[in-house]
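Chain by chain, the residues run as shown.
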Amino acid sequence: MTSKMKFVRSMVKAATLAHVPKHVDHFSKFSPSPLSMKQFLDFGSINACERTSFVFLRQELPVRLSNIMKEINLLPDALLATSSVQLVQSWYIQSLMEILEFLDKNPDDQSILESVYRVFKRESTKLSDPLDLTSSRFVEVLEGIRNRHNEVVPTMAQGVIEYKDAFGQHDPVTDHNMQYFLDRFYTSRISIRMLINQHTLVFNGNTNPSHPDTIGSIDTACDVTEVTRDAYDSAKMLCEQYYLGAPELELLQTNVNRAGEPIRISYIPSHLYHMLFELFKNAMRATIENHEPSRILPPIKVMIAVGGEDLSIKMSDRGGGVPFKKTERLFSYMYSTAPRPSFGEKHRAPMAGFGYGLPISRLYARYFQGDLQLYSMEGHGTDAIVHLKALSTDSVERLPVFNKTALRHYKISLEADDWCVPSKEPLDLAVYRTAK
């Protein structure tokens, strides 16, 4: 590439970046359009049309990206100045600009959605055979965005770590704002990946013979018990690597709709697996560390129940529990009862890490109108309950929207409590008696 071409490209890029704030302001004025599980399924199975999906995504993805980019700009200046957060911002800007390139494209132009061939050379001892893979230009861009954002969670986590390490403890207002932002930021990321995965898998993916009922990333007959056992087996293997042992699993299920039959719902198996894997890891670690002297590990008990509206999974351990006042702190980002691992440690997943497991698991549950709750008894153990919607019509995306209400959350001020705050030292009534 000549120096002149490089100069022209750099000028074009600079001009494009200069218009980013204008694009963000424009698209953030629109609210995201939440989809239900049924809408995802109906579109992928009955009305699958790549043109329709293309027209929707080229408008919806900029809206979701811009809404959360407006909130990123409201973070403390010191946090925005960290190299990690700046890297995340650059990813979002690049992704937004790539999607915007399709705004003025004619959806009937076959060059946008038609298959193009990429030829790869497969090395062998005597010859190179061409291997043809098909994809569309739009799918390639979506896959590039998804891959670019793979490391968003640990990169943003690193930025928050740098910020906390540099400035130490923060006031309750700052902690509240950080919790509020990260919940919304990671929920937005989950939703964007959901849209991208559905399009790329439906229109450019191959069906999985072992799961013929899968539409995109959604399994219309997701076997909850099977996913639970898979999550347990993975956590058990990890636990045995660290502790040379693991609690056994006792699993029961109640299907009031179809007695005796497996419990199946329309859901994303990877989301359910993520939640249960994190809960099993926490339960196993607490159980082993609480019963280390006796070497007799009580089992982890799981009850799965489905009714007319809800599917609930209760996981009970005897890991000693946590004090009541610390229960909500378990969902706070950067809180972990285990030592913080090295950020560069990637050789295997740790049993406990940066403290993002529980809060992000709760976001996965809440994403389709469910929830994850903890009930702990100090001195005994903890019950973790995952609530999901049993009906695909009730499972609707829960999406953050940037508006005046959201803005007020970032401008909240520290006010006097309207309840008495008990002092650490008891009141000395003798002082008052002497005064009388």
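Residues numbered from 1 in each chain as written. Predicted model: local features only at pLDDT ≥ 70, side-chain atom pairs only at ≥ 80, totals over all residues. Heavy atoms only, no water.

*Asks:* How do you make sense of the pairing of strand E9 (residues 371–377) when you look at a structure like this?
*Replies:* Successive residues of a regular strand alternate their side chains across the two faces of the sheet. Across 7 bridges, E9 lies against strand E10 (residues 381–389) in antiparallel orientation. Bridging across to E10, Gln 373 finds its partner in Ile 385. Remark: 3 residues form the turn of the hairpin made by E9 and E10, two consecutive strands paired antiparallel; Gly 379 in that turn has positive phi of roughly 95°. (Pairing = 2+ DSSP bridges. Helix = DSSP H or I, 4+ residues; strand = E, 2+ residues; numbered from the N terminus.)

*Asks:* Looking at this structure, I do not really get unusual backbone geometry. What am I missing?
*Replies:* Backbone geometry follows two general trends: most residues other than glycine have a negative phi, and most peptide bonds adopt the trans configuration. We note that Leu 244 has phi near 60°; this positive angle belongs to a residue other than glycine. Positionally, Leu 244 belongs in the loop between helix H11 (224–243) and strand E5 (249–255). Under the relative-accessibility criterion, Leu 244 is labelled exposed at 77%. Its identity is not glycine, yet Gln 369 carries a phi of approximately 70°, on the positive side. If you trace the backbone, Gln 369 turns up in the loop between helix H13 (357–367) and E9. (Buried < 20%, exposed > 50% of the residue type's maximum accessible area, 1.4 Å probe, protein only.)

*Asks:* Honestly, H13 in this entry has me stumped. Any pointers?
*Replies:* Owing to its 3.6 residues per turn, the α-helix brings residues three or four apart onto one side. Where burial is concerned, most of H13 is hidden: 10 out of the 11 residues are buried. Turning to H13, its buried residues number three or more, namely Gly 357, Leu 358, Pro 359, Ile 360, Ser 361, Arg 362, Leu 363, Tyr 364, Ala 365 and Tyr 367. Considering only its buried residues, H13 is in contact with helix H9 (152–167), helix H10 (172–204), strand E6 (264–267), helix H12 (269–290), E9 and E10. Downstream of H13 by a residue or two, Gln 369 has a phi angle that is positive, lying close to 70°. (Contact = heavy atoms within 4.5 Å.)

*Asks:* Just to check I follow, could you spell out the side chain of Arg 362 for this structure?
*Replies:* By secondary structure assignment, the location of Arg 362 is in helix H13. Using a relative accessible area of 8% as the deciding quantity, one classes Arg 362 as buried. In contact with Arg 362, not counting residues within four places along its chain, are Gln 179, Glu 328, Phe 331, Asp 371 and Leu 372.

*Asks:* I tried to follow helix H3 (residues 37–45) on my own but got confused; where do I start?
*Replies:* Those residues of H3 that fall on the buried side of the exposure criterion are Met 37, Phe 40, Leu 41 and Gly 44. Taken down its axis, H3 places every buried residue within 95° of arc, on the same side. The elements touched by buried residues of H3 are H10, strand E3 (214–215), strand E4 (218–223) and E6. (Arc of directions from axis to C-beta.)

*Asks:* Any chance you could explain the packing of helix H6 (residues 83–100) against H9 here in plain terms?
*Replies:* Two measures define how a pair of helices packs: the angle their axes make with one another and the distance between the axes. Contact pair H6 / H9: the axes reach a minimum separation of 7 Å and the direction vectors enclose 145°. Relative to H9, the crossing made by H6 is left-handed. Mapping the contact onto sequence places Ser 83, Ser 84, Val 85, Leu 87, Val 88, Trp 91 and Tyr 92 in H6 and Val 152, Thr 155, Met 156, Gln 158, Gly 159 and Glu 162 in H9. Per-class residue counts for the contact of H6 with H9 are 7 nonpolar, 5 polar and 1 charged. (Axes fitted to C-alpha atoms, helices over the stretch in contact; angles between N-to-C directions. Left-handed = near helix turned anticlockwise from the far one by under 90°. Nonpolar A, V, L, I, M, F, W, Y, C, P; charged D, E, K, R; others polar.)

*Asks:* Help me out: how do you make sense of the sheet that holds E9 in this one?
*Replies:* Spatially, 5 strands are ordered E5-E7-E8-E10-E9 in an open sheet, and the strand pairing comes out mixed. The strands lining the two open edges of the sheet, one partner per strand, are E5 and E9. For this sheet the average axis-to-axis angle between neighbouring strands, irrespective of direction, equals 15°. Running over the sheet, H11 touches E5, strand E7 (300–306) and strand E8 (310–317) and is turned about 165° from E5.

*Asks:* Hey, could you run me through the sheet that holds E4 in this one?
*Replies:* In a beta sheet, neighbouring strands are held together by backbone hydrogen bonds and run either parallel or antiparallel to one another. With antiparallel pairing, the 3 strands of this open sheet are ordered in space as E3-E4-E6. Whereas interior strands pair on both sides, the edge strands pair on one side only; in this sheet they are E3 and E6. By the bridge criterion, 3 bridges tie E4 to E6 in an arrangement that is antiparallel. Looking at the pairing, Asp 223 lines up with Arg 264 of E6.

*Asks:* Please explain the nonpolar core as it appears in this structure.
*Replies:* Among soluble globular proteins, nonpolar side chains are generally buried collectively. Of all hydrophobic cores here, the largest spans 101 residues; its most connected members are Phe 185, Tyr 186, Leu 272 and Phe 280. With 11 residues, H10 is the single largest residue contributor to this core. Among residues more than four places away in sequence, those in contact with Leu 272 are Cys 222, Val 224, Val 227, Tyr 267, Ile 313 and Leu 388. (Core = buried A, V, L, I, M, F, W, Y, C linked by side-chain atoms within 4.5 Å.)

*Asks:* What exactly am I supposed to notice about the side chain of Asp 317 here?
*Replies:* Tracing the backbone through its elements, the reader meets Asp 317 in strand E8. It turns out Asp 317 is buried and unbridged, and the closest side chain with the opposite charge, Arg 318, is 8.1 Å from it. Among the polar contacts made by the side chain of Asp 317, one reaches the main-chain amide nitrogen of Gly 319 at a distance of 2.8 Å. The contact partners of Asp 317, leaving out residues within four places of it in the chain, are Ala 283, Thr 287, His 380, Gly 381 and Thr 382. (Lys, Arg positive; Asp, Glu negative; His and termini not counted. Salt bridge = Lys/Arg side-chain N within 4 Å of Asp/Glu carboxyl O. Polar contact = N/O pair within 3.5 Å; in protein donor to acceptor, adjacent residues only side chain to side chain.)

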